[in-house]
Amino acid sequence: MTGFLRRHAALVAAFAVALALVAFFALRIGHHARNWPGEEPMAPWMTVGYIARDLGLDPREIDRIAGLPTPEEAGRPQTLEEIATARGVPVEEIFHAVEAAVRELRPPPGDDHR
Amino acid sequence: MTDWLLALVPTYGPWLLALCTFGSSLMLPIPSSVLVLAAGGFVAAGDLSATTTAGAVLAGVVAGDQGGFQLGRCGGARLIERLAAKAPPVGRATALLSRHGGLAVFLSRWLFSPLGPYVTLAAGAARLGWLSFTLWDLAGAAVWVAIWLGLGYGFTGNLAAASNLAVSTLGFIAAGVAALGLGWWLVATIRAERASRRPGP
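So, a few notes on the structure that sits alongside this text. From a predicted model like this one, the values you see are computed outputs, not experimental measurements.

**Focus: empty space enclosed by the protein**
As enumerated under the stated definition, the model contains one cavity of 30 Å³ or more in all. Of the pockets and cavities examined, the largest cavity occupies roughly 70 Å³. The residue inventory of the lining of the largest cavity, partitioned by class, reads six nonpolar, four polar and three charged.

**Examining the interface of chain B and chain A**
It is common to give the size of an interface as the accessible area that goes away when the parts come together. Facing 39 residues of chain B, the contacting portion of chain A comprises 32 residues. Both faces combined, the contact of chain B with chain A buries some 3,100 Å², and carbon together with sulfur accounts for 71% of it. Of all residues in chain B, Ser168(B), Phe172(B) and Leu186(B) bury the most surface against chain A, accounting for 16% of the area lost on that side. On inspection of chain B and its partner chain A, the count reaches one salt bridge. With a shortest N-O distance of 2.5 Å, Arg7(A) and Glu193(B) are connected by a salt bridge. Counting every contact that joins chain B to chain A gives eight residue pairs in polar contact (both at pLDDT 80 or more). Where the side of chain B that touches chain A is concerned, the elements lending two or more residues are helix H1 (2–25), helix H2 (32–44) and helix H7 (159–197) of chain B. A class-by-class count of the residues in the side of chain B that touches chain A yields 23 nonpolar, twelve polar and four charged.

Rules used in this analysis
Residues numbered from 1 in each chain as written. Chains lettered and ligands numbered in written order. Predicted model: local features only at pLDDT ≥ 70, side-chain atom pairs only at ≥ 80, totals over all residues. Heavy atoms only, no water. 1 Å grid on protein atoms, 1.4 Å probe; cavity = no way out; pocket = protein on both sides within 12 Å on 5 of 7 lines; lining within 4 Å. Points joined across faces, edges and corners; volume = space filled by probe spheres on them. Nonpolar A, V, L, I, M, F, W, Y, C, P; charged D, E, K, R; others polar. Contact = heavy atoms within 4.5 Å. Buried area = accessible area lost by both parts, 1.4 Å probe. Salt bridge = Lys/Arg side-chain N within 4 Å of Asp/Glu carboxyl O. Polar contact = N/O pair within 3.5 Å; in protein donor to acceptor, adjacent residues only side chain to side chain. Helix = DSSP H or I, 4+ residues; strand = E, 2+ residues; numbered from the N terminus.

Written as structure tokens, this is what we have:
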């Protein structure tokens, strides 16, 4: 057995590394599944459509409440950063407008008094 | 750089995706899988068309691979001939790739995707048939596009988590395939040694 291991050390080592990688990735999959994050934070590259899809809301309602241009008005879907640049305001201002619209369309769980 | 590129996805859409996947197929360090993942999210949001996006990504990958394959054919063949004259295993590996390279091209397109550009170059250098290469490459690229675009579509809003999960799952499958192959090789080696030790009739 020792002789075999010595003669084929590279093959045995490669097999051991492959098995270790199988275990490593299995543990990582388990870790990802256990620590699945909540909503992705808003980012300048997102469009209102992208944010609305994530939250299950109507993007045009967000546009209307936040006073943002619809893709039809702008000619194409714009990122939050593009909207901010066109208006000459910091992108955070657009974030706040979208967040306020989202709050209006989807009250947080504690606000539901039914 | 990724955020800056992501911001360009809804603006330049299919053109940007085709250009980026073309570049990364030629070993340029572009985070194509993240871009395609985000594109899946924009498709789900209705900002991009599914067919145009999938078509552009596929076209970019396949065009890039054609470039890599031709580069391998022109420059690599001579280099491999020279190496094979000094190291016989190189010649044997090249012969193996030219005979059974299709499957390697297919798997390296999606399962072992970091190896993709290298296998493409090697396939060209090993003189794998152009039609065989193109068909296997197209099939592998289609699987890659379906995985990353589909994940982006399904996991809009959790792209980073989806990307990590996809990388881990593909890593798990790739390591599993490698472990099975190496295990089979080990068993075959043990059997061959036992058979050679057995006294003849």
